[in-house]
Amino acid sequence: MGLMSSILGDRNSRSAEDYVELNLDEFESAASDAAMQVHIAEIGGQKDVIDIKDAVYDGDLVIADITRLRTQDSTVEHVVDELRQVAEEVDGDIVQKGDDQLIVTPTGIKISRTKLGDGA
């Protein structure tokens, strides 16, 4: 199982036991000086897009779960179009991973369309 599969893998196969609580005091505070953060979001409707747009405009990367939108095709299309415009405005990137996730990047970050380990 690869790193991305561990992070973004099958939602139905996860349980509370799959996660480990980390004590942040054990880590250096250098992370607060980071130039970019990675945010995890869930999009249940149009109103959830506002926080994602703000994060991308602030220079952060967002991984958004769109599972709750599957039954509402027009909403999914509208959300994806709106986030695509944001990515274009900031010269970032956007990609949909399967039917359930969007990854939106800020300025200067591009997403490879080639999987690692595919011999490319």
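The name an unreviewed UniProt entry gives the protein chain is Putative cell division protein, with Natranaeroarchaeum sulfidigenes as the organism.

> Teacher, can you tell me more about the sheet that holds strand E1 (residues 38-42) here?
Strand pairing in a sheet takes place through backbone hydrogen bonds and is either antiparallel or parallel in direction. Here we have four strands laid out as an open sheet, ordered E1-E2-E4-E3, and mixed in their pairing. Only two strands of the sheet have a single partner each, and these edge strands are E1 and strand E3 (93-97). Pairs of neighbouring strands in the sheet enclose a mean axial angle of 15 degrees, with direction left out of account. Alignment of strand E2 (residues 61-65) against strand E4 (residues 101-105), held across four bridges, turns out to be antiparallel. Bridge assignment links Val 62 to a residue of E4, and that residue is Val 104. Its contacts with the sheet put helix H2 (residues 49-57) on E1, E2 and E4, and the angle it makes with E2 is roughly 160 degrees.

> When you look at the pairing of E2 in this model, what are you seeing that I'm missing?
On a regular strand, each side chain points to the face opposite its neighbour's, so the side chains alternate between the two faces of the sheet. Among the five residues of E2, five are classified as buried, and the element is accordingly described as predominantly covered. Residues of E2 alternate between two faces, with Leu 61, Ile 63 and Asp 65 on one and Val 62 and Ala 64 on the opposite face, all of them buried. Where E1 meets E2, five bridges bridge the pair, whose relative direction is parallel. Residue Glu 42 lies in a different strand from E2, and its bridge partner there is Asp 65.

Each value, and the rule that gives it
Residues numbered from 1 in each chain as written. Predicted model: local features only at pLDDT ≥ 70, side-chain atom pairs only at ≥ 80, totals over all residues. Heavy atoms only, no water. Pairing = 2+ DSSP bridges. Helix = DSSP H or I, 4+ residues; strand = E, 2+ residues; numbered from the N terminus. Axes fitted to C-alpha atoms, helices over the stretch in contact; angles between N-to-C directions. Contact = heavy atoms within 4.5 Å. Buried < 20%, exposed > 50% of the residue type's maximum accessible area, 1.4 Å probe, protein only.

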